[in-house]
Amino acid sequence: NKWHLSINPSDIKTCTNDKNYPPSWDEASPQAQASVFFDSAVICCATLFGNVNGCNIVEVCHEEEEEDPILPPCPGNKWHKSYQTGSPSSDTCTNDDQYPSSWDTYPASVQVNFFADSPEICCEKFIRKSVESGGCIIVEVCDSSATTTSTTTTTTTTTSTTT
């Protein structure tokens with residue numbers, strides 16, 4: 001997927017590979033396309049913002065396309081309200097590993113107060129907004145060892161902030 005400046009009004013200093021950009025960008029000459037599309041998030045950030053520091057990266061894993069396989073689900077990650085600094089919003093549910101480590105030591109009967117089985121349940125339980133209403137942002141992290149890479153959903157998306 002092509003990396004480009006996010007045109008989402010709420011995204012500030014953000015590069016993404018989503019499909020939300022003007023159709024004219026696809027129709028532009030190869031030279032013009034080279035100024036709006038980039039091979040990686042790092043190149044996008046460096047080109048558009050001078051460096052990657054402070055650049056937000058939103059990676060969208062699109063539904064299966066003929067040449068791209070679907071990414072596997074993230075097994076074992078627990079859904080919870082995001083407590084990571086730099087989250088897209090305080091109304092964010094994620095399955096990253098950025099939560100108090102003491103939560104893992106509690107019995108399952110207590111963990112239900114912190115964790116949910118799905119992003120939709122997390123949004124309804126902890127954010128008190130539905131995904132469908134657009135009031136809850138989902139950030140799905142497929143690699144729990146990486147703290148700056150995550151996957152958000154409208155399809156499936158990754159958000160990173162480099163500082």
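Heads up: these notes are all about the structure in this document. (Residues numbered from 1 in each chain as written. Predicted model: local features only at pLDDT ≥ 70, side-chain atom pairs only at ≥ 80, totals over all residues. Heavy atoms only, no water.)

### Here's the deal with helix α3 (residues 41-49)
So, point 1. By the burial criterion, the buried members of α3 are A41, C44 and C45. All buried residues of α3 lie within an arc of 95 degrees about the axis, which places them on one face of the element.
So, point 2. Taken from the residues just after α3, G50 is the one with a positive phi, measuring 85 degrees. (Buried < 20%, exposed > 50% of the residue type's maximum accessible area, 1.4 Å probe, protein only. Helix = DSSP H or I, 4+ residues; strand = E, 2+ residues; numbered from the N terminus. Arc of directions from axis to C-beta.)

### Considerations on the nonpolar core
So, point 1. W79, C93, A116, C122, C123, F126, I127, C136 and I138 form the largest nonpolar core, which has nine residues in total.
So, point 2. Ranked by residue count, the leading element in this core is helix α5 (residues 119-127), at four residues.
So, point 3. In this view, C93 contacts W79, H80, K81, S82, P119, C122, C123, I127, C136, I137, I138 and V139; residues no more than four positions away in its chain are not counted.
So, point 4. In terms of nonpolar packing, the next biggest core, distinct from the first, is built from eight residues, C15, F38, C44 and I57 among them. (Core = buried A, V, L, I, M, F, W, Y, C linked by side-chain atoms within 4.5 Å. Contact = heavy atoms within 4.5 Å.)

### With respect to α5
So, point 1. Within α5 the residues assigned to the buried category are P119, C122, C123, F126 and I127. The arc enclosing the buried residues of α5, seen along the axis, measures out at 105 degrees, which places them on a common side.
So, point 2. Here the buried face of α5 lies against β4 (80-81), β5 (92-94) and β6 (137-140).
So, point 3. Phi turns positive, to about 65 degrees, at R128, one or two residues after α5.

### What to know about the packing of aromatic side chains
For any pair of aromatic rings, the description rests on two quantities: the centre-to-centre distance and the angle between the ring planes.
So, point 1. For the structure shown, the criterion picks out eight aromatic pairs.
So, point 2. Here the aromatic rings of W25 and F37 are separated by 6.0 Å at their centres, their planes lie at 80 degrees, and the arrangement is edge-to-face. You can see W25 sitting in helix α1 (residues 23-27) and its partner F37 sitting in the loop between α2 (30-33) and α3, a full 12 residues away along the chain.
So, point 3. With relative accessibility at 18%, the residue W25 sits in the buried group.
So, point 4. Plain terms: the ring middles of Y99 and W103 are 5.5 Å apart, the flat faces sit at 15 degrees to each other, and that makes the pair stacked. For the pair Y99 and W103, one class covers both residues: buried.
So, point 5. In textbook terms, an aromatic cluster arises when at least three aromatic residues are bridged by ring pairs, as seen for Y99, W103, Y106, F114 and F115. (Phe/Tyr/Trp six-rings, centres within 6.5 Å; stacked < 30°, edge-to-face > 60°.)

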